[in-house]
Number of protein chains: 4
Amino acid sequence: MVDKSHNNMTKQDDAPQLRQLYADFEAEHLMPLWTQIDDIMPVVPSPKAVPYIWKWSRLFPLAERSGELVPVGRGGERRAIGLANPGLGGKAYVSPTLWAAIQYLGPRETAPEHRHAQNAFRFVVEGEGVWTVVNGDPVRMSRGDLLLTPGWHFHGHHNDTDHPMAWIDGLDIPFSYHNDVGFFEFGSDRVTDYATPRFSRGERLWAHPGLRPLSQLQDTVSSPLGAYRWEFTDRALTEQLLLEDEGQPATVELGHAAIRYVNPTTGGDVMPTIRCEFHRLRANIVTPPRREVGSSVFQVFEGAGSVVLNRKETKLEKGDIFVVPSWVAWSLQAETQFDLFRFSDAPVIERLGFARTLVE
Amino acid sequence: MVDKSHNNMTKQDDAPQLRQLYADFEAEHLMPLWTQIDDIMPVVPSPKAVPYIWKWSRLFPLAERSGELVPVGRGGERRAIGLANPGLGGKAYVSPTLWAAIQYLGPRETAPEHRHAQNAFRFVVEGEGVWTVVNGDPVRMSRGDLLLTPGWHFHGHHNDTDHPMAWIDGLDIPFSYHNDVGFFEFGSDRVTDYATPRFSRGERLWAHPGLRPLSQLQDTVSSPLGAYRWEFTDRALTEQLLLEDEGQPATVELGHAAIRYVNPTTGGDVMPTIRCEFHRLRANIVTPPRREVGSSVFQVFEGAGSVVLNRKETKLEKGDIFVVPSWVAWSLQAETQFDLFRFSDAPVIERLGFARTLVE
Amino acid sequence: MVDKSHNNMTKQDDAPQLRQLYADFEAEHLMPLWTQIDDIMPVVPSPKAVPYIWKWSRLFPLAERSGELVPVGRGGERRAIGLANPGLGGKAYVSPTLWAAIQYLGPRETAPEHRHAQNAFRFVVEGEGVWTVVNGDPVRMSRGDLLLTPGWHFHGHHNDTDHPMAWIDGLDIPFSYHNDVGFFEFGSDRVTDYATPRFSRGERLWAHPGLRPLSQLQDTVSSPLGAYRWEFTDRALTEQLLLEDEGQPATVELGHAAIRYVNPTTGGDVMPTIRCEFHRLRANIVTPPRREVGSSVFQVFEGAGSVVLNRKETKLEKGDIFVVPSWVAWSLQAETQFDLFRFSDAPVIERLGFARTLVE
Amino acid sequence: MVDKSHNNMTKQDDAPQLRQLYADFEAEHLMPLWTQIDDIMPVVPSPKAVPYIWKWSRLFPLAERSGELVPVGRGGERRAIGLANPGLGGKAYVSPTLWAAIQYLGPRETAPEHRHAQNAFRFVVEGEGVWTVVNGDPVRMSRGDLLLTPGWHFHGHHNDTDHPMAWIDGLDIPFSYHNDVGFFEFGSDRVTDYATPRFSRGERLWAHPGLRPLSQLQDTVSSPLGAYRWEFTDRALTEQLLLEDEGQPATVELGHAAIRYVNPTTGGDVMPTIRCEFHRLRANIVTPPRREVGSSVFQVFEGAGSVVLNRKETKLEKGDIFVVPSWVAWSLQAETQFDLFRFSDAPVIERLGFARTLVE
């Protein structure tokens, strides 16, 4: 890495006049570039966000306690507890662009309907029994499923069982907040449909590989397939590893199977700001350290292993969540077969021409 | 429809000089527009191709007789019998752009490998037991399946059973021939892999709804999913009709379910020159007469009904094939649930800006 | 080049049964692939169209004689004389996809308005004084200009002077005819606007480099800029050669400047079926023999040189037109600075995935 | 506007346990959604940035004083004084995404070369005499010109005259900083080419309307045309108003001509994060109040008028700069013919699916 030292352009003997100049700048709401360029134009991305790991074993009990103490309902809207990156000054931002939270819904509870410009998804690391109703379409939530709530789609959740359920939410709240693109609207105080079908209407229309309904030829900004079932994800990854065993190109690198969840109308990312992927490593596989522009969040779905973030290794267990800020080197090490869900802001980075990757 | 009468621009009293002029044109390889504009620039498409119906009950026995008399092998390459549109002057063109043929492979036979710029597919109206090997990937062929052989992919077929099998081939041979875009190359005289797996490698990588292998992020001109299985097609159509029963938008028009086979890397047509679709009509549904620019071929897959082509109704049975030339009005009438496979040159028409549809 | 010999698959001793089979095929409008595959699936494109050169010195006098003998008007529509490729059986097709004609308009004459799905352009090798009125917008035609008449745009021409004028027309008539995509409609028997402005409204809106009217943010299938003026083309080519003199990358190959006329809303071809380019070679430059899929037509605009088509060299003079069928090797040889206009069916070939080039 | 009141979901009688829960959240770097949803998910965009106007008459003298006191050179890199939105906490951000600065270069001075991932442009409201050297190509800067420095292009400036020159810079520094996408690299301490040609090589290749060099067929992320000259902009706007006078559709609304600067390889925005436009209002035209998602900066180029921002009108003079944060209603009022340059983050907003506009 290059070392960048911006020398001060100012002449020291002009100090009083300079001080006056700077004071006059301030009075006019101006600031010179030359005093801050080192900070605002770094040689490589220097995120304030830090790599950090949240343990599921600590998250889940806190979610349970919230379930006892905090009713879910209109106003607060969701019993969601955001992961606050320690480098981001006390905001519930897991990275400068992404929000990640654990959400908890008690037995028979309903989280009321609303919609917002922010794009959202849920990923289920364990449990079942909740349906999320998206634009009136009830979508079952079960272990391993990815469920989408693209921007400006009404959605609410209800727990159809006598046991609680928790899952993670991912949104582009920080991005939307920073760039002032958010809109919000309340919907029904209940969910509009309490049916509990095994498959949502979106799946029934779209979850047929390579088949597009003739009534749905318009491409959509976000995926019309609102549920990506674990059964399919697991099978796709299993097949990649089997193909690798047969000597066929299929995995992304040796012993590393991976899929990207995509919008079937375009083959591109499921939502315009958020990429979702699932990775499976064979036991004992170590991925090479990789730096990427943009930030990512991983959750361990199954298996044992560790992550190395900026050369520091941490053991991971099921449910653990970690964030990789921009340009932080990351590597995965699998002890057993190791399954991880990943989401990131890569569509933002790529669509705006900022993508770079460095594999060490 | 407008009646267009191009008056002759020539003055009759100049006849001898005109005759000399026309002779001089001919000597210089020139032809005036004004004498032929009525033919070459019609008011609406006036195809030489005619609507025509081939009966499976007559096609299949002829294919069987070919199986007895004509060995399959290098040179002739395929035991394929092309449907020759009666309006197209004795060429085996089902339409000006499309080739359709019945192909027949006897017990234990092999059709040798070759590749060509022309795009091809097979659709199986009945039978099983043949594998087509596409770029080294053995692909099972069974009733209701659509199998792709995009341009410049090596392919050969072999029959792994003791019974013969027939299916239909669709290609863009006439388009390629007319526009001089064809290349051809021989491959192995055998197929390169006699394995008979239930699922091809392409399916194992790609036939997972909304899941894209991370190793396959480059979009492809033609679909990387070489087999579209009947099981999925049938389920997709079934769901559309069930959704319609529930009052949900899903079908293309009342009682008419339909899917388009698509390239999962783009959501668009499976190949750049050929569109493939499957249509299912409920019993007693009649579709409104429709005129479209470009030509289509339909094959009845199951059920009973009829087609009205230019106001003439014809009964159809399983396996029957009919062609709809450009701008010919067509309508389907279902007696029972009525399943039809369709292919067309619509991608050519749409990509070049010529698409129009008129529903009467 | 590969030699391909398709052996006959048929067994000679089955001749009588075979003859009966073939007769039965014919009765059912069927034709076997194996007897015709050599013709319809050639190893490389084997166009029926031949390379051919039309001399302007013979074309123009014939156009003049037409001007005396044939009135222009409704019905025949245009005094256009099509170049008939000697290989294409007496049709006025310069290639299987393209139409090229010399059009002639006498003093004060009007060619009435009409529109058609076929895409058209005019290129002016000499003269001035005619305005073509495209969707009501009068467009001046002067030496070196390219004027567009995209599909379904009304257009008529009128000669505002006391001298005749001739130019070439290029259209996709053969492509449209073969594929049955053509529609035609009469418009005014006169042109709808006899004004003779120096610049059309399309130019006034669009002919500003890199500037897009905020009122015109919708991309269009064909270019909204209907006139590409010689002044700009000449300057662009001049600059490319000057940049080359300065050691900068600018020309397409050494001593060979070239521009493609493009749609400013997309940067792509001016019309969906026709590519237009202008090429300038320095004196003594020889381009390497090149084979391309698809057909092209060139017209010499200025200078002296020759073309080598399939190893046969022919001298060319101003106005001479030659056609390069698909996969025919062509090379240009410049004696002086050598300017040529070119049009081709390349957008068809590229959009449908058939493009290949071989530089020898 | 909707009034949104998020009620507190917490039960008051659980206060001690709640306080403990919140403390435990904090210890684990967690934050509940329900206490902050009102802030982070507003009903409509509620930017911290405020509408603000900087007077050229105050900016320019401060830039001059900087010229006396602060040498330009390596380290500080540029004598650029950033406009600091009063709502953004003392950072030199004109909006959450955009940077705007006045840059000043004294007689014979050189600003050294560097490159960065951030996209940049310069717009010249007055003066001339400086050349910016972009990837080795010297680009003249004159009144009314827009000059591009897309991401990762080396660039430096030098003043070839004995008088100083000032202009405005626009960059995506805040966006890049917030999202951690920035890279920076020093280049030559001088500019690599002190030539002062009237036209850059980029212009000589690309500034020909509708003509694309055949050597440049690859589309580029940012415009290859690095200079948009005032002469063309002025002519385009003049023609739009003349066309309007003639009753033709050309202006964006009555009396309001406008162009967008575009990438000629695509017809889209000049850079992936920044849109640049130029607007001209006839005297006495008032535009309807408009709210848009995303932020914009305007600079008055010529004429007199005012802007209404959130119902507050402010008079504007030549050179004045104002910012319109997201969803702030803005309207322009022209006293004389009124010319304004505009830039915005609209490509970010549109590519990520957040665009909305409300015209009141």
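Residues numbered from 1 in each chain as written. Chains lettered and ligands numbered in written order. Predicted model: local features only at pLDDT ≥ 70, side-chain atom pairs only at ≥ 80, totals over all residues. Heavy atoms only, no water.

S.K.: Please set out the overall build of chain A residue by residue, giving values where relevant.
M.R.: When its secondary structure is counted, chain A shows seven helices and 24 strands. Principal-axis analysis of the C-alpha atoms gives chain A an extent of 75 × 55 × 45 Å. Here chain A holds 360 residues, and the buried ones make up 64% of them. Put simply, 74% of the contacts in chain A that link residues at least 6 apart link residues at least 24 apart. Put simply, chain A shows about 12100 Å² of open surface, and 50% of that area lies on carbon and sulfur atoms. (Helix = DSSP H or I, 4+ residues; strand = E, 2+ residues; numbered from the N terminus. Buried < 20%, exposed > 50% of the residue type's maximum accessible area, 1.4 Å probe, protein only. Contact = heavy atoms within 4.5 Å. Areas by Shrake-Rupley, 256 points an atom, 1.4 Å probe, with all protein chains shown as cover.)

S.K.: Give me the interface of chain D and chain A: which residues, what numbers.
M.R.: Taken together, the contact pairs 97 residues of chain D with 97 residues of chain A. Of the roughly 8500 Å² buried between chain D and chain A on both sides combined, carbon and sulfur atoms contribute 66%. Where chain D meets chain A, there are four salt bridges. Between D24 of chain A and R65 of chain D there is a salt bridge, with the nearest N and O atoms lying 2.7 Å from each other. The interface formed by chain D and chain A includes 28 residue pairs in polar contact (both at pLDDT 80 or more). Of the residues belonging to the side of chain D that touches chain A, the class tally is 53 nonpolar, 25 polar and 19 charged. With three bridges connecting them, strand β3 (residues 80-83) of chain A and strand β1 (residues 30-32) of chain D associate as antiparallel partners. (Buried area = accessible area lost by both parts, 1.4 Å probe. Salt bridge = Lys/Arg side-chain N within 4 Å of Asp/Glu carboxyl O. Polar contact = N/O pair within 3.5 Å; in protein donor to acceptor, adjacent residues only side chain to side chain. Nonpolar A, V, L, I, M, F, W, Y, C, P; charged D, E, K, R; others polar. Pairing = 2+ DSSP bridges.)

S.K.: If you had to explain the relation of the copies chain D and chain A to someone new, which residues and values would you point to?
M.R.: The two copies are related by a screw motion: chain D maps onto chain A through a turn of 180 degrees and a shift of 0.0 Å along the axis, at an RMSD of 0.0 Å. Viewed as a symmetry operation, the transformation between the two copies matches a two-fold axis. No C-alpha of chain D lies nearer the rotation axis than that of R351 of chain D, which sits 3.4 Å from it. Mapped onto chain A, 100% of the interface residues of chain D again fall at the interface, so both copies present the same surface. (Least-squares fit on C-alpha atoms with pLDDT ≥ 70 in both.)

S.K.: Any details on the packing of helix α1 (residues 15-27) of chain B against helix α3 (residues 56-69) of chain C? Residues and values, ideally.
M.R.: Relative to each other, α1 of chain B and α3 of chain C sit at 155 degrees, their axes nearing to 11 Å. Judged on the interaxial angle alone, α3 of chain C and α1 of chain B are roughly antiparallel. Handedness of the α1 of chain B/α3 of chain C crossing: left-handed. Mapping the contact onto sequence places Q17, L18, Q20, L21, D24 and F25 of chain B in α1 of chain B and L62, R65, S66 and L69 of chain C in α3 of chain C. (Axes fitted to C-alpha atoms, helices over the stretch in contact; angles between N-to-C directions. Parallel < 35°, antiparallel > 145°, perpendicular 65-115°, else oblique. Left-handed = near helix turned anticlockwise from the far one by under 90°.)

S.K.: Give me the arrangement of the chains: which residues, what numbers.
M.R.: Between chain A and chain C there is no contact; the minimum C-alpha to C-alpha separation amounts to 17 Å. With respect to C-alpha atoms, chain B approaches chain D no nearer than 17 Å, and the pair has no contact.

S.K.: Lay out the relation of the copies chain B and chain A with the relevant residues and their values.
M.R.: Its rotation angle being 180 degrees, the transformation that places chain B on chain A also includes 0.0 Å of axial translation and leaves an RMSD of 0.0 Å. Comparing interface residues between copies, 100% of those in chain B also sit at the interface in chain A, which points to an isologous, same-surface contact.

S.K.: Any details on the packing of aromatic side chains? Residues and values, ideally.
M.R.: According to the stated counting rule, one finds 88 aromatic pairs over all chains in the structure shown. Relative to W54 of chain D, the ring of Y52 of chain D has its centre 4.7 Å away and its plane inclined at 70 degrees; by these criteria the two rings are edge-to-face. The class of W54 of chain D is buried, set by a relative accessible area of 2%. Among the aromatic residues, those joined into a cluster by ring pairs are F121, F123, Y228, W230, Y261, F278, F301, F341 and F343 of chain A. Directly above the aromatic system of F183 of chain B lies the positively charged group of R356 of chain C, at a separation of 3.8 Å from the ring centroid. (Phe/Tyr/Trp six-rings, centres within 6.5 Å; stacked < 30°, edge-to-face > 60°. Lys NZ or Arg CZ within 6 Å of the ring centre and 35° of its normal.)

S.K.: I'd like a description of the sheet that holds strand β4 (residues 99-105) of chain C, backed by residues and values.
M.R.: Read from one edge of the open sheet, seven strands run β1(B)-β3(C)-β4(C)-β11(C)-β6(C)-β9(C)-β14(C), paired in antiparallel fashion. Pairing within the sheet leaves two strands with one partner each, and these edge strands are β1 (30-32) of chain B together with β14 (227-228) of chain C. Across the sheet, α3 of chain C is in contact with β1 of chain B together with β3 (80-83), β4 and β11 (165-171) of chain C; its angle to β4 of chain C comes to roughly 50 degrees.

S.K.: Can you tell me about the pattern of salt bridges, naming the residues and giving the values?
M.R.: Summed over all chains, the structure comprises 120 salt bridges over all chains. As a salt-bridge pair, R74 of chain B and E77 of chain B come within 2.7 Å of each other at their nearest N and O atoms. Relative accessible area serves as the criterion here: at 0%, E77 of chain B is assigned to the buried category. Across the pair R122 of chain C and D169 of chain C runs a salt bridge whose closest N-O atoms are separated by 2.8 Å. Taken as a pair, R122 of chain C in strand β6 (residues 120-123) and D169 of chain C in strand β11 lie far apart in primary sequence, 47 residues in all. Where salt bridges share partners, they join R260, E277, E292 and R342 of chain A into one cluster.

S.K.: Quick one: what's the story with the interface of chain B and chain A, residue by residue and with numbers?
M.R.: With 41 residues of chain B at the contact, the number on the chain A side is 41 residues. Considering only the side of chain B, the residues that lose the most area to chain A are R204, P209 and L214 of chain B, jointly responsible for 21% of the buried surface there. The salt bridge partner of E246 of chain A is R204 of chain B, with a shortest N-O separation of 2.9 Å. Seen at the junction of chain B and chain A, the total is 16 residue pairs in polar contact (both at pLDDT 80 or more). Those elements that place two or more of their residues in the side of chain B that touches chain A are α5 (201-206), β13 (211-213), α6 (230-245), β15 (256-261) and β16 (275-281) of chain B.

S.K.: So what's going on with the sheet that holds strand β18 (residues 296-302) of chain B? Which residues, and what values?
M.R.: Strand pairing within a sheet occurs via backbone hydrogen bonds; the two strands may be parallel or antiparallel. Across the sheet, which stays open at both edges, the seven strands sit in the order β13(A)-β15(B)-β16(B)-β23(B)-β18(B)-β21(B)-β2(B) with antiparallel pairing between neighbours. Of all the strands in the sheet, the pair left with one neighbour each is β13 (211-213) of chain A together with β2 (52-54) of chain B. Across the sheet, the axes of successive neighbouring strands diverge by a mean angle of 25 degrees, strand direction being ignored. The sheet contact formed by β18 of chain B and strand β23 (residues 338-344) of chain B spans six bridges and is antiparallel. Opposite F298 of chain B, over in β23 of chain B, you have R342 of chain B as the bridge partner.

S.K.: Which residues make up the confidence of the model for chain A, and what values do they have?
M.R.: Residues and elements named next belong to chain A. Summing up the model confidence of chain A, the mean pLDDT is 95 and the portion of residues at 70 or higher is 96%. Here residues 1-7 is a poorly scored stretch, pLDDT under 50, and it has 20 contacts once near neighbours within four places are set aside; other chains count. Listed scores for the predicted complex are pTM 0.96 and ipTM 0.95. (pLDDT = per-residue confidence, 0-100.)

S.K.: Pulling in residues and values, what's your account of the side chain of E77 of chain C?
M.R.: Residues and elements named next belong to chain C. Along the polypeptide, E77 turns up in the loop between α3 and β3. Reaching out from E77, the side chain makes a polar contact with the backbone nitrogen of G75 at a distance of 2.9 Å. In terms of polar contacts, E77 uses its side chain to reach the side chain of H114, at 2.5 Å.

S.K.: Account for helix α1 (residues 15-27) of chain A, naming residues and giving values.
M.R.: At 3.6 residues per turn, the α-helix brings residues three or four places apart onto the same side. All names here are of chain A. Across its 13 residues, α1 extends 18 Å between first and last C-alpha, which sits within 8% of the 18 Å expected from 1.5 Å per residue. Taken as a whole, α1 has its buried residues at L18, L21 and F25. Along the long axis of α1, the arc covered by the buried residues comes to 60 degrees, so they all point the same way. Turned more than 90 degrees from where α1 packs its buried face, P16, R19, E26 and A27 sit exposed. Positive backbone phi, approximately 60 degrees, marks H29, located one or two places after α1. (Expected span 1.5 Å × (residues − 1). Arc of directions from axis to C-beta.)

S.K.: So what's going on with the environment of G106 of chain B? Which residues, and what values?
M.R.: All names here are of chain B. Locating G106 in the fold gives a position in the loop between β4 (99-105) and β5 (110-116). C-alpha separation for the pair G106 and E350, spaced 244 residues apart in sequence, amounts to 39 Å. Those residues in contact with G106 that sit more than four places away from it in its chain are R79, N159, H163 and P164.

S.K.: So what's going on with unusual backbone geometry? Which residues, and what values?
M.R.: One non-glycine residue with positive phi stands out, namely W327 of chain B, at about 65 degrees. Here W327 of chain B shows up in the loop between β21 (321-324) and β22 (330-334). Note on W327 of chain B: relative accessible area 9%, which makes it buried. For N284 of chain C, which is not glycine, the phi dihedral falls at a positive 75 degrees. Note that N284 of chain C resides in the loop between β16 (275-281) and β17 (290-292).

S.K.: How would you sum up the pairing of β5 of chain B? Please name residues and give values.
M.R.: Residue and element names in this part refer to chain B. When you tally the buried positions in β5, you get seven out of seven residues, the bulk of the element. In this structure, β5 lies alongside strand β10 (residues 155-159), joined through three bridges in antiparallel fashion. Counted as the bridge partner of H114 is H155 from β10. Alignment of β5 against strand β12 (residues 184-186), held across three bridges, turns out to be antiparallel. By the bridge assignment for β12, H116 is matched with F184.

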